[in-house]
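Read off the chains here:
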Amino acid sequence: MNYQQTLDYIYSFIDNEKTSKLRYNATNYDLRRVDELLARLGNPHLKAKSVHIAGTNGKGSVAAMVASVLTASGYTTGLYTSPHLNDLRERIRVDGKLISEEKLITLAEKLKPEIESVNQKATYGRLTTFEFLTALAFAYFNLKEADFQVLEVGLGGRLDATNVINPEVCIITSISFDHMRALGSSLSEIAAEKASIIKPGCVVVTSPQLDEVNKVIDEACLSCGVKLVRVGSDVTWQGISFDFNRQLFRVKGRLDEHELSIPLLGQHQLDNAATAVAALEALAIKGFNISKDSITNGLARVSWPGRFQILSHHPLVVVDGAHNPDSARGLKQSLEQYFSLDRAVLVIGASSDKDIAGIVPELFPLFDKVIITHSHHPRAIAPPPIVAEFAKYGVETQVADDVLTALSLALALAGNRDLICVTGSLFVVAEAIEQANRLGLTTVRG
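One numbering rule holds for all chains: residues counted from 1, following each sequence as written. In keeping with the model being predicted, local features are shown solely for residues with a pLDDT of at least 70 and side-chain atom pairs are shown and tallied solely at 80 or more, while totals for entire chains, interfaces and linings include all residues. Where side-chain values are given, they derive from all heavy atoms of the structure, hydrogens and water being excluded.

(A) Main features of the overall build of the chain. Numbering of helices and strands runs from the N terminus; a helix is a DSSP stretch of H or I covering at least four residues, while a strand is a stretch of E covering at least two. Per the secondary structure count, the chain includes 15 helices and 17 strands. Within these notes, the globule rule equals 2.2 Å times the number of residues to the 0.38 power, and the radius of gyration is based on C-alpha atoms. Scaling as 2.2 N^0.38, a compact globule of 446 residues should have a C-alpha radius of gyration of about 22 Å, and the chain matches this with 21 Å. Expressed along its principal axes, the backbone C-alpha trace of the chain runs to roughly 60 × 50 × 40 Å. Burial statistics for the chain: of 446 residues in total, 57% are counted as buried. Restricting the contact set of the chain to residue pairs at least 6 apart, pairs at least 24 apart contribute 74%. Only carbon and sulfur atoms are counted for the fraction: they give 48% of the accessible area of the chain, which is about 17800 Å². Two residue types count as positive, namely Lys and Arg, and two as negative, namely Asp and Glu; His and chain ends fall outside the count. By convention, the charge on Lys lies at NZ, on Arg at CZ, on Asp at CG and on Glu at CD. Once the 44 positive and 50 negative side-chain charges of the chain are each reduced to a mean point, those two points are 3 Å apart. Buried residues are those whose accessible area, probed at 1.4 Å on protein chains only, stays under 20% of the maximum for their type, while exposed residues exceed 50% and partly exposed ones sit between those limits. Whether two residues touch is decided by their heavy atoms; if any such pair falls within 4.5 Å, the residues are in contact. We get accessible surface area from the Shrake-Rupley algorithm with a probe of 1.4 Å; when it comes to residues, only the shown protein chains can shield them.

Set out below in structure tokens:
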């Protein structure tokens, strides 16, 4: 197979990321078929030490931070995240480098007969695209002799394909309402799905949570007999200063006090960074060689595009994958904290399973003009329902057929001192970054 044929083969399986209608249950997500496949591959998922991360918001950022520090500490470190922005290979990295096209092809060909054998029997159902990619990531990390693998949960936790490992540390980032059709209609139900990554022998680190969520996590930790570290009480942070390139802050951990900087903007990233520090100190307490200097150096070098990323200064173009009310609220707070501008233009598109009614009231007061669009992703919602939601607040909107048209229209409306913010979906953000590059607009690295 060549690279495109390999991608076509990977996407030929059931791809649950492209639908919002599939029921999240043990019939559609049966980890026994993942175990069966991995056993045929020699159980590569058990060869490296693991850090497992679940949550609603911030889990990808925390994963990138932890992986960057582990690499800075001298450990060969695999990072598995989802979804990707523009290239499938973004999901699978070792020491910050994407898996090569050649290695992706080679491993897909190696896995192909084993996958087809599992699917032919289909004892526990047929493997999905995400399960294929998860197994491929484990195989790649094993091939690269990774010391650590940092794994972001794809959906939920209990039935997620990544939930086959025995982690050293489990991290639960901020939990709020999202994927309710799949995970439950209450925060307790959602938290229970995500807390199911907790296993005996790990240390659990949690970002600041609502009391309802804390109760579920407390019970899961008690049931497994594991140590719980809370950011906000056991580990705290304080902001020092910020500019358009980075934030300076102080974290008081269980082992030390850290003066740190990250090239990621937004106050929510300080919660994420403190959570990463808490997890890294937990590993240090377990005996791993993670120093104060490696935490400083690793966080200073972290990269995680598409999250409150500045693409251009004149006009100011900011992209952020805020896709639920909680993350939209965080985006609003960050925009108010960082910028004082003449006028602001919002470009927004969302996936069909998102809480548009909750997102819109968080954002509309900040913007003078609103442009509604959609990505090319199969889960993208058409503009009319978003138009109707803004209309409830008396906000007139314009509709663009695609992200390129929306971005071009925003640039035509915005003056040199104005703000353009693109948000609502990582898929919309990914297309905005791609189009900005084509337009020669991107002048700031993410």
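Here the narrative resumes.
(B) Representation of the pattern of salt bridges in the model. Note on definitions: salt bridges are taken to be side-chain nitrogens of Lys or Arg within 4 Å of carboxyl oxygens of Asp or Glu. Throughout the structure, instances matching the rule amount to 19 salt bridges. Where Glu-152 meets Lys-59, a salt bridge forms, and the shortest distance between an N and an O atom there is 4.0 Å. With Glu-152 in strand S5 (residues 148-152) and Lys-59 in helix H3 (residues 59-72), the pair connects residues that are 93 residues apart, well separated along the chain. This pair shows no difference in class: Glu-152 is buried, exactly as Lys-59 is. Notably, a salt bridge pairs Glu-434 with Arg-438, separated by 3.2 Å at the nearest N-O pair. Residue Glu-434 and its partner Arg-438 are both found in helix H15 (residues 426-438); the two are separated by 4 residues, about one turn of the helix. The class of Glu-434 is partly exposed, set by a relative accessible area of 31%.

(C) Quick peek at the packing of helix H14 (residues 403-413) against H15. Where H14 contacts H15, the two axes come as close as 9 Å, and the packing angle between them is 65°. One way to sum up the angle between H14 and H15 is to call them roughly perpendicular. Read as a crossing pair, H14 and H15 show a hand that is right-handed. Contact residues: H14 offers Val-403, Leu-404 and Leu-407, while H15 offers Val-428, Glu-431, Ala-432, Gln-435 and Ala-436. Throughout, an axis means a line fitted to C-alpha atoms (over the contacting stretch in the case of helices), and angles, computed between N-to-C directions, take values from 0 to 180 degrees. Angles below 35 degrees are treated as roughly parallel, those above 145 as roughly antiparallel, those between 65 and 115 as roughly perpendicular, and all remaining angles as oblique. In this scheme, a crossing is called left-handed if the near helix is turned counterclockwise away from the far one by less than a right angle; it is called right-handed if the turn is clockwise.

(D) Geometry of the environment of Ser-334. Relative to the elements of secondary structure, Ser-334 occurs in helix H11 (residues 325-338). Note: C-alpha distance between Ser-334 and Gly-298 (36 residues apart in sequence) is 24 Å.

(E) Here's a closer look at unusual backbone geometry. In this model, Ser-82 is joined to Pro-83 through a cis peptide bond whose omega is -10°. Counting through the fold element by element, Pro-83 comes out in the loop between strand S2 (77-80) and strand S3 (92-94). That bond from His-314 to Pro-315 is cis: its omega, -5°, falls within 30 degrees of zero. One non-glycine residue with positive phi stands out, namely Ala-122, at about 50°. For Ala-122, the position within the fold is in the loop between helix H4 (101-121) and helix H5 (129-143). We note that Phe-308 has phi near 45°; this positive angle belongs to a residue other than glycine. Tracing the backbone through its elements, the reader meets Phe-308 in the loop between helix H10 (292-300) and strand S12 (309-313). Classification of Phe-308 as buried rests on a relative accessible area of 2%.

(F) A look at H14. For H14, every residue scored as buried is listed here: Val-403, Ala-406, Leu-407 and Ala-410. End-on view of H14: buried residues confined to an arc of 95°, all on one side of the axis. Contacts from the buried residues of H14 go to strand S14 (344-348), strand S15 (369-372), strand S17 (419-423) and H15. What qualifies as a polar contact is a pair of N or O atoms within 3.5 Å, subject to a donor-acceptor requirement within protein and to the restriction that residues adjacent in sequence count only when both atoms come from side chains. For H14, the N-terminal cap is Asp-402; the gap from its side-chain oxygen to the backbone nitrogen of Leu-404 is 3.3 Å. By arc we mean the arc of the directions from the helix axis to the C-beta atoms, nothing more.

(G) The arrangement of the pairing of S2 in detail. Alternating positions in S2 separate into two faces, Thr-77 and Leu-79 on one and Gly-78 and Tyr-80 on the other, with burial throughout. At least two bridges found by DSSP between two strands are what make those strands a pair. Pairing of S2 with S5 involves 4 bridges; the strand directions are parallel. For Leu-79, the partnering residue across the bridge sits in S5 and is Val-150. In this structure, S2 lies alongside S3, joined through 3 bridges in antiparallel fashion. Within S3, the residue paired with Leu-79 across the bridge is Arg-93.

(H) Representation of the nonpolar core in the model. If you look at the biggest cluster of nonpolar residues, it comprises 43 residues, and the most contacted ones within it are Val-51, Val-66, Leu-70, Val-150, Ile-171 and Ile-290. Sort the elements by how many residues they give to this core and helix H9 (residues 268-285) lands first, with 11 residues. Ignoring anything within four residues of it in the chain, the contact list for Leu-70 reads Tyr-75, Thr-77, Phe-148, Val-150, Leu-280, Leu-283 and Ile-290. Among buried residues, those of type Ala, Val, Leu, Ile, Met, Phe, Trp, Tyr and Cys that are joined through side-chain atoms within 4.5 Å constitute a nonpolar core.

(I) The sheet that holds strand S13 (residues 316-319), seen in detail. One open sheet accounts for 6 strands, arranged S12-S13-S17-S14-S15-S16; its pairing is mixed. Both edges of this open sheet fall to S12 and strand S16 (398-399), since each of them pairs with a single strand only. Sheet analysis places S14 next to S17, joined by 5 bridges and oriented parallel. Counterpart to Val-347 in the pairing with S17 is Val-422. Contacts between helix H13 (residues 383-391) and the sheet are confined to S14, S15 and S16, with S15 contributing the most and set at about 155° to the helix. Packed onto the sheet, H14 meets S14, S15, S16 and S17 and runs at close to 165° relative to S15.

(J) Broad picture of the sheet that holds strand S10 (residues 247-252). The sheet built from 3 strands is open, its strands ordered S9-S10-S11 with antiparallel pairing. Bordering the open sheet on either side are strand S9 (236-242) and strand S11 (257-262), each of which pairs with just one other strand. When the angles between neighbouring strand axes are averaged without regard to direction, this sheet yields 20°. Pairing geometry for S9 and S10, over 6 bridges, is antiparallel. Residue pairing for S10: Trp-237 is matched across the bridge by Val-251.

Scope: geometric values only; no functional claims are made or implied.
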